[in-house]
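These are the residues of each chain, in order.
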Amino acid sequence: MEQATERKKVVFSAIQPSGTVTLGNYLGALKNWSAMQDEYNCIFALADLHTITVRQEPAQFRKNIYEAYATLLACGIDVEKSLFFVQSHVNTHAQLAWVLNCYTQFGELSRMTQFKDKSAKHADNVNAGLFTYPTLMAADILLYQADLVPVGADQKQHLEITRNIAERFNGLYGNVFRVPEPYIAKSGARVMSLQDPTKKMSKSDENVNGFITLNDAPEVIMKKFKRAVTDSDACVKYGEGKDGINNLMSIYSTITGKTFEQIELEFEGKGYGDFKTAVGEAVVEELRPIKERFDQYIKDKAYMQECWTKSAETAQRFSQRTLDKAMKKIGYVLK
Ligand code: TYM
């Protein structure tokens, strides 16, 4: 890995194991992650430390961790090419997060829209972890000297604060952290709810018809697309005031690779019913092999444990170097 770092750019990204993975996670992030593995030195993690910023039921949380790991393997994360570990297995993350907390201002954390949204949603549990969530995320990224961070558009602000923290630290102590760039794909970076296309698709949506999960059965997927909210135009065309159709067109385009013009031509003179069926079918076919592989991986917990242990060992060694460097610069005496 050390040698590879010199040749290839480093990619880091993570996902929370907080329940089922959605089509938004897949199109906004996971599809890109697996595509980047040949060109880059990729490091992926299940961000399970982030997940407890919202209260978790222990048995369900444990199950979610295995399911998320199996899902990502099924999406094509290849542990022969990339590191893929569980964040809580590598103790440098929590350590560097503490250090970075002391280099991050209350004011800048207060401006994070995710903090504002989540604290409104979980008003009975606005914990300190929810507030300092971005510094842990910064630690995740900076520990590996990542060049690129492939994420959906909703994570852009967290990448900006990561860059600010890195630059501030480097300004004080010299070149400790590489300043990462967000990698936000042109297509699929913001998949919207099928029921309210002004809101991002999210698994925490109370209306299950608003989101597609990677585990939904084909008939469920078709039903959700048929019920998708559109408009009264009945014309498959990308445009203002057509959030529902725009969203369906983006999903269809991200999966098929077709441009909006090609999609408009394909559905000229056809109604929304035909279009929704075509989008549903494209999604079903895209997810079918993932679901089949998931069913295999989830049965083999020992295999998953073996994979994450091996990756965590390498990640620990690599990240320890960055942590040590940062600690030394601050003036700590290392043991
Ligand atoms: P999380 O678990 O909410 O989402 C994982 C990835 O999925 C993307 N995503 C979407 N993309 C398009 N449309 C949507 N509707 C949609 N919903 C989610 C997210 O942008 C993300 O890329 N804080 C992160 C996890 C994390 C992380 C990191 C990411 C922890 N440490 C370091 C990058 C680098 C999160 O909660 O993602």
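Residues numbered from 1 in each chain as written. Predicted model: local features only at pLDDT ≥ 70, side-chain atom pairs only at ≥ 80, totals over all residues. Heavy atoms only, no water.

Peer 1: It is not clear to me how the domain arrangement of the protein should be interpreted in this structure. Could you clarify?
Peer 2: Accessible area lost upon the coming together of the parts is a frequently used measure of interface size. Each assigned domain of the protein is listed here: domain 1 (10-188 + 301-330) and domain 2 (208-295). Its C-alpha centre places domain 1 at a distance of 30 Å from the equivalent point of domain 2. Counting residues at the interface gives 14 residues for domain 1 and 17 residues for domain 2. Here domain 1 and domain 2 share an interface that buries about 1300 Å² over both sides, 69% of which is from carbon and sulfur atoms. Among the residues of domain 1 in contact with domain 2, Leu23, Tyr26 and Ala74 are the three that bury the most area, contributing 39% of the side total. Linking domain 1 with domain 2 are 1 salt bridge, by the criterion used here. One salt bridge in this structure joins Glu286 and Lys31, with 3.3 Å as the shortest N-O distance. For the pair domain 1 and domain 2, the interface holds 7 residue pairs in polar contact (both at pLDDT 80 or more). Elements that contribute at least two residues to the side of domain 1 that touches domain 2 include exactly helix H2 (23-36) and helix H4 (58-74). A breakdown of the residues in the side of domain 1 that touches domain 2 according to their chemical character gives 7 nonpolar, 5 polar and 2 charged. (Domains from an automatic or database assignment. Contact = heavy atoms within 4.5 Å. Buried area = accessible area lost by both parts, 1.4 Å probe. Salt bridge = Lys/Arg side-chain N within 4 Å of Asp/Glu carboxyl O. Polar contact = N/O pair within 3.5 Å; in protein donor to acceptor, adjacent residues only side chain to side chain. Helix = DSSP H or I, 4+ residues; strand = E, 2+ residues; numbered from the N terminus. Nonpolar A, V, L, I, M, F, W, Y, C, P; charged D, E, K, R; others polar.)

Peer 1: Explanation requested: the packing of helix H5 (residues 92-101) against helix H8 (residues 128-142) in the structure shown.
Peer 2: In contact at an axis separation of 8 Å, H5 and H8 are set at 120 degrees when each is read in the N-to-C sense. Overall, the two elements H5 and H8 adopt an arrangement that is oblique. Of the two possible hands of crossing, H5 and H8 adopt the one that is right-handed. Of H8, the residues touching H5 (which contributes His93, Ala94, Leu96, Ala97, Leu100 and Asn101) are Thr132, Thr135, Leu136, Ala138, Ala139, Asp140 and Leu142. Looking at the contact of H5 with H8 residue by residue, the classes come out as 8 nonpolar, 4 polar and 1 charged. (Axes fitted to C-alpha atoms, helices over the stretch in contact; angles between N-to-C directions. Parallel < 35°, antiparallel > 145°, perpendicular 65-115°, else oblique. Left-handed = near helix turned anticlockwise from the far one by under 90°.)

Peer 1: Is there a simple way to think about the site of the ligand in this case?
Peer 2: By nearness alone, 25 residues border the ligand, and Tyr133, Asp140, Gly152, Asp154 and Val191 come closest of all. At 3.0 Å from an oxygen atom of the ligand is found a side-chain nitrogen or oxygen belonging to Asn25. Within the side chain of Gln155, one N or O atom sits 3.4 Å away from a nitrogen atom of the ligand. Starting from 710 Å² of accessible surface for the ligand in isolation, the protein chains cover 96%. (Near = heavy atom within 4 Å. Areas by Shrake-Rupley, 256 points an atom, 1.4 Å probe, with all protein chains shown as cover.)

Peer 1: Teacher, can you tell me more about the packing of aromatic side chains here?
Peer 2: Two numbers describe a pair of aromatic rings. These are the distance of the centres and the angle of the planes. For the structure shown, the criterion picks out 18 aromatic pairs. With 5.5 Å between their ring centres and 5 degrees between their planes, Phe12 and Tyr144 make a pair best called stacked. A residue pair is termed long-range when its members are at least 10 positions apart, and Phe12 in strand S1 (residues 10-15) and Tyr144 in the loop between H8 and strand S4 (148-150) qualify at 132 residues. Accessibility expressed as a relative area gives 0% for Tyr144, which makes it buried. Centre to centre, the rings of Tyr69 and Phe84 are 4.0 Å apart; their planes meet at 0 degrees, and the pair counts as stacked. With a gap of 15 residues between them, Tyr69 in helix H4 and Phe84 in strand S3 (residues 83-86) connect regions that are remote in the sequence. Accessibility expressed as a relative area gives 0% for Tyr69, which makes it buried. (Phe/Tyr/Trp six-rings, centres within 6.5 Å; stacked < 30°, edge-to-face > 60°. Buried < 20%, exposed > 50% of the residue type's maximum accessible area, 1.4 Å probe, protein only.)

Peer 1: Looking at this model, I keep getting lost on the pattern of salt bridges. Mind explaining?
Peer 2: Side-chain pairs of opposite charge can arise whenever the charged atoms involved come near each other. Enumeration according to the criterion identifies 15 salt bridges in this entry. Linking Asp38 and Lys81 is a salt bridge whose minimum nitrogen-to-oxygen distance equals 3.3 Å. On the criterion of sequence distance, the pair formed by Asp38 in the loop between H2 and strand S2 (41-46) and Lys81 in the loop between H4 and S3 is long-range, its members being 43 residues apart. The partly exposed category is assigned to Lys81, whose relative accessible area is 41%.

Peer 1: Would you mind showing me how to read helix H10 (residues 218-226) here?
Peer 2: Helical geometry: 3.6 residues make up each α-helical turn, so side chains three or four residues apart lie on a common side. Within H10, burial applies to Ile221, Met222, Lys224 and Phe225. Along the axis of H10, the buried residues cluster in a sector spanning 165 degrees; they form a single face. Set apart from the buried face of H10 by more than 90 degrees, the exposed residues are Glu219 and Lys226. Contacts from the buried residues of H10 go to H2, helix H11 (243-256) and helix H13 (272-297). (Arc of directions from axis to C-beta.)

Peer 1: Whenever I open this one, unusual backbone geometry confuses me. Can you help?
Peer 2: At Gln145, a residue that is not glycine, the phi angle is positive and equals roughly 55 degrees. By relative accessible area, which is 13% here, Gln145 ends up buried. The backbone phi angle of Ala234 is positive, close to 55 degrees, even though this residue is not glycine. Within the fold, Ala234 resides in the loop between H10 and H11.

Peer 1: What exactly am I supposed to notice about H5 here?
Peer 2: Among all positions in H5, only Thr92, His93, Leu96, Ala97, Val99 and Leu100 are buried. Along the axis of H5, the buried residues cluster in a sector spanning 160 degrees; they form a single face.

Peer 1: Where do I start with the nonpolar core in this structure?
Peer 2: Within soluble globular proteins, side chains that are nonpolar generally end up buried alongside one another. Phe225, Ile251, Phe275 and Val283 are the most contacted members of the largest nonpolar core, which has 61 residues in total. Of the residues forming this core, the biggest block, 10 residues, is contributed by H13. Residue contributions to this core reach at least three from each of two domains, namely domain 1 (10-188 + 301-330) and domain 2 (208-295). Not counting the four nearest positions on each side in its chain, Phe225 is found in contact with Leu23, Leu194, Ile212, Leu248, Ile251, Lys276, Val279, Gly280 and Val283. Core analysis: the second largest hydrophobic core is formed by 42 residues, Ala45, Leu109, Leu142 and Leu159 among them. (Core = buried A, V, L, I, M, F, W, Y, C linked by side-chain atoms within 4.5 Å.)

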